[in-house]
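Analysis of the macromolecular model
Here's the letter readout for the chains.
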Amino acid sequence: LGPLLYILYINCRVVLEDEMCQLYLYADDTNARITLTGDNGANQERIQKKAAEMQEYMDAHHLKFNSEKTQILIKKKGINNTHGDLTLTMKGKTISQSESVKVLGIVIGQDEKYEEYLVKGEKSMLNFINKRLNMLKLLAKYADFKTRKALAEGLILSKVGYCISLWGTT
């Protein structure tokens, strides 16, 4: 399929949304955000029901989940994750919770601090920015301020803005 036909083909997945579930679509990536309650039994049922609806939709449209890429992350506030035993079962495969997941190239963690992505990880934002700043320092000898500013906006600020917008939807 071409890009336009693909968008038309998959865009109707939003019919799976309701007051407890929102879908975020980007190309062939789908992220489901399900609101949880204090009742883990009801939460597990809600997760399974939504997963079954998504699976039914995918099967009806000759699409399939990549079970190797499917992940579940329960974001928590504070230090206690009272939803630690929730899992996702799809086509007989049980997917346990992850402490962090990669969403469109950005690592999102349970604790909402994003430390793995910002500071700790091998490909952390801090390392990324330091490399780009070093490149700009080298270019300072050869480029005027306006050029360096344009490069900084393209090399650094574009990624920072992208991360902020992605984190805002999680």
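As a reminder, the structure under discussion sits directly above these lines.
In short, a report on the structure.

Another aspect to go through is the overall build of the protein chain. For the protein chain, the helix and strand inventory stands at 5 helices and 6 strands. Listing every helix and strand of the protein chain by position from the N terminus yields α-β-β-α-β-β-β-β-α-α-α. Per-residue burial for the protein chain yields a buried fraction of 26% across its 170 residues. In the protein chain, the proportion of contacts linking residues at least 24 apart, taken out of those at least 6 apart, comes to 51%. When the accessible surface of the protein chain is totalled, it reaches about 11600 Å², and 56% of it is carbon and sulfur.

Another point: the environment of Val-103. Mapped onto the elements, Val-103 comes out in strand β5 (residues 100-103). The exposure class of Val-103 is buried, given its relative accessible area of 11%. For the pair formed by Val-103 and Asp-29, sequence separation is 74 residues and the distance between their alpha carbons is 8.5 Å.

Turning our eyes to something else, we now look at the pairing of β5. In β5, alternate side chains face the same way, and those of Val-101 and Val-103 are buried while those of Ser-100 and Lys-102 on the opposite face are not. In this structure, β5 lies alongside strand β6 (residues 106-109), joined through 4 bridges in antiparallel fashion. Bridge pairing in β6 places Lys-102 opposite Val-107. Joining the antiparallel neighbours β5 and β6 is a turn of 2 residues, in which Leu-104 adopts a positive phi near 50°.

Following the criterion strictly, the structure yields 2 salt bridges and no others. Asp-18 is paired through a salt bridge with Lys-50; the nearest N and O atoms lie 3.1 Å apart. Placement of Asp-18 in the loop between α1 (3-10) and β1 (21-26) and of Lys-50 in helix α2 (residues 40-60) is noted, with a sequence separation of 32 residues between them. Residue Asp-18 is classed as partly exposed on the basis of its relative accessible area, which comes to 34%. Taking relative accessible area as the criterion, Lys-50 reaches 6% and is therefore assigned buried. Put simply, Lys-50 and Glu-53 hold a salt bridge, and the shortest N to O gap is 2.8 Å. Of this pair, Lys-50 and Glu-53 both sit in helix α2, 3 residues apart, roughly one helical turn. Judged by relative accessible area, Glu-53 falls into the partly exposed class, the value being 26%. One connected set of salt bridges, linked through shared partners, spans Asp-18, Lys-50 and Glu-53.

The next point concerns α2. The end-to-end C-alpha distance of α2, which contains 21 residues, comes to 30 Å, matching closely the 30 Å that a straight helix rising 1.5 Å per residue would cover. Note on α2: the residue one or two positions beyond its end, His-62, has a positive phi of about 55°.

Mapped onto the elements, Thr-70 comes out in the loop between α2 and β3 (88-90). Here Thr-70 is in contact with Phe-65, Leu-88, Met-90 and Ile-95, once residues within four sequence places are set aside.

Ile-47, Ala-51, Ile-72, Ile-74, Leu-86, Leu-88, Met-90 and Ile-95 form the largest nonpolar core, which has 8 residues in total. Counting residues per element, the ones that place at least two in this core are α2 and β3. Apart from residues no more than four positions distant in its own chain, Ala-51 is found in contact with Leu-88 and Met-90.

Here Tyr-162 lies in helix α5 (residues 145-168). Here Tyr-162 falls in the partly exposed class, since its relative accessible area comes to 33%. Once the C-alpha coordinates of Tyr-162 and Ile-106 are considered, the two residues, 56 residues apart in sequence, prove to be 9.3 Å apart. Once residues within four sequence positions are removed from consideration, Tyr-162 is found in contact with Leu-104 and Ile-106.

Parameters and conventions
- Residues numbered from 1 in each chain as written.
- Predicted model: local features only at pLDDT ≥ 70, side-chain atom pairs only at ≥ 80, totals over all residues.
- Heavy atoms only, no water.
- Helix = DSSP H or I, 4+ residues; strand = E, 2+ residues; numbered from the N terminus.
- Buried < 20%, exposed > 50% of the residue type's maximum accessible area, 1.4 Å probe, protein only.
- Contact = heavy atoms within 4.5 Å.
- Areas by Shrake-Rupley, 256 points an atom, 1.4 Å probe, with all protein chains shown as cover.
- Pairing = 2+ DSSP bridges.
- Salt bridge = Lys/Arg side-chain N within 4 Å of Asp/Glu carboxyl O.
- Expected span 1.5 Å × (residues − 1).
- Core = buried A, V, L, I, M, F, W, Y, C linked by side-chain atoms within 4.5 Å.

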